[in-house]
Every structure is written in C-alpha cells, then in structure tokens.
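Coordinates in review
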Amino acid sequence: GALVRVLNGLGADFPLPLFVVQHITAEFLSAFVTWLGRMTPQRVLEAKQDMDYHPGVVHVAPPARHMELCSGHIRLTGSGHEEYQKPSGSVLLRSLAREFGGRSIGVVLTGMGRDGASGLRQIREAGGLTIAEHQSTSVVFGMPAAAVAMNAADRILPLHDIAPFLRATVTGRNTHAG
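The structure reproduced in this document is the subject of the present report. None of these values were measured; they are calculated from a predicted model.

As enumerated under the stated definition, the model contains six salt bridges in all. Residue E68 is joined to R75 by a salt bridge in which the shortest nitrogen-to-oxygen separation is 3.6 Å. Here the residues in one salt-bridge network are E68, R75 and R98, joined through shared partners.

Below is the structure:
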C-alpha cells in the first residue's frame, strides 16, 4: 500500500527512473509487477540483466538477485544475502550512490528489519537526498527506524508527504530515485 501511494503521488510524468526492491518470493513476482502496473500510472517492469532504465518507468528487482545500476544499465547479481535479504535495498541504494553521487535520491518505506539503511546512508554521504518514512504512517517501522538510527535520512516524512516532496524536489534538478 505504501509503495502504491508514493507511486500514484509521483504521477505518470515523473521525470526520473524508479527502482523498487520488494521482499517477495519468486512465485509472486509476476503477479506483483502486473498488480503494481494496474494500481499506478507508471509502466512497471521486472528488472532484467543489462536492461536500460528509463524515466517514469518502475523497475522491480527480481527475487534472489540483487539489482544494481552500472553505466546506464541494470545489473543483477547473485552475491550473498545482505541484512538477510536478496534482493537488498542497501545494495541498490549503494549502487545509486556510486553511479550518481549527489544526484541520487533514496527512499526507505515501511518494512521489517534493517534493509536499506546502510545504502541510504551511502547516498547521504555522497550528497544525495535521503528519505525515511515517519513512524506515524509506517505499518512496520523497522527499516525506516534503522535508517533514522544510522543518521541516514535527511528527511523523515509521513507517507502522504513523500511523493509531493519528491515532485517538488526534482523540478529543475537532474537526479535519480531509488
């Protein structure tokens, strides 16, 4: 629900590519991608090896593979679990920091565990913008809480403020959101 709300708030004309790590099993990926595409105005695709990414398109990491960005393409790796997750949000966010530095945007929404926190911190250290969902709207405050505890979030926003803030921020700014 949180992801759908943010994507709907960004709108079909959002000028950046979007990357999503959702902790689901392989059996549900196709249905999840189809459902997300029906529930949001963006085109939603399962990320594939060496796939180009495009503004306004949501690229979803497949289960059991980490999604990274490298030289304008998506790279899928089978390296070990991170924070007990594969795919890992931190792996994706670290690649954003490496690839785009201060032009990166990372967002960690509701979820159990710590995944995403260390990657969000690397985006912040690279000068990018980082957001964690506020406890008041998180169904499970684990992942955003870990990001806040690591001082990885520039902004801690309730869910309903994330998309409007992102839309306002990217106006006239060349960034990449994950």
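Here the focus is the pairing of strand β3 (residues 57–60). Every second residue of β3 is oriented toward a common face, with V57 and H59 on one face and V58 and V60 on the other, all of them buried. By the bridge criterion, three bridges tie strand β1 (residues 18–20) to β3 in an arrangement that is parallel. Across the sheet, the residue bridging to F19 is H59, located in β3.

With that settled, the discussion passes to the pairing of strand β6 (residues 104–108). Most of β6 sits inside the fold, with five of its five residues counted as buried. The two faces of β6 match: S104, G106 and V108 on one face and I105 and V107 on the other face are all buried. With helix α4 (residues 117–125) bridging β6 and the parallel strand β7 (residues 129–133), this β-α-β connection has right-handed handedness.

About the cut-offs
- Residues numbered from 1 in each chain as written.
- Predicted model: local features only at pLDDT ≥ 70, side-chain atom pairs only at ≥ 80, totals over all residues.
- Heavy atoms only, no water.
- Salt bridge = Lys/Arg side-chain N within 4 Å of Asp/Glu carboxyl O.
- Buried < 20%, exposed > 50% of the residue type's maximum accessible area, 1.4 Å probe, protein only.
- Helix = DSSP H or I, 4+ residues; strand = E, 2+ residues; numbered from the N terminus.
- Pairing = 2+ DSSP bridges.
- Right-handed = clockwise from strand over helix to strand, strands pointing away.

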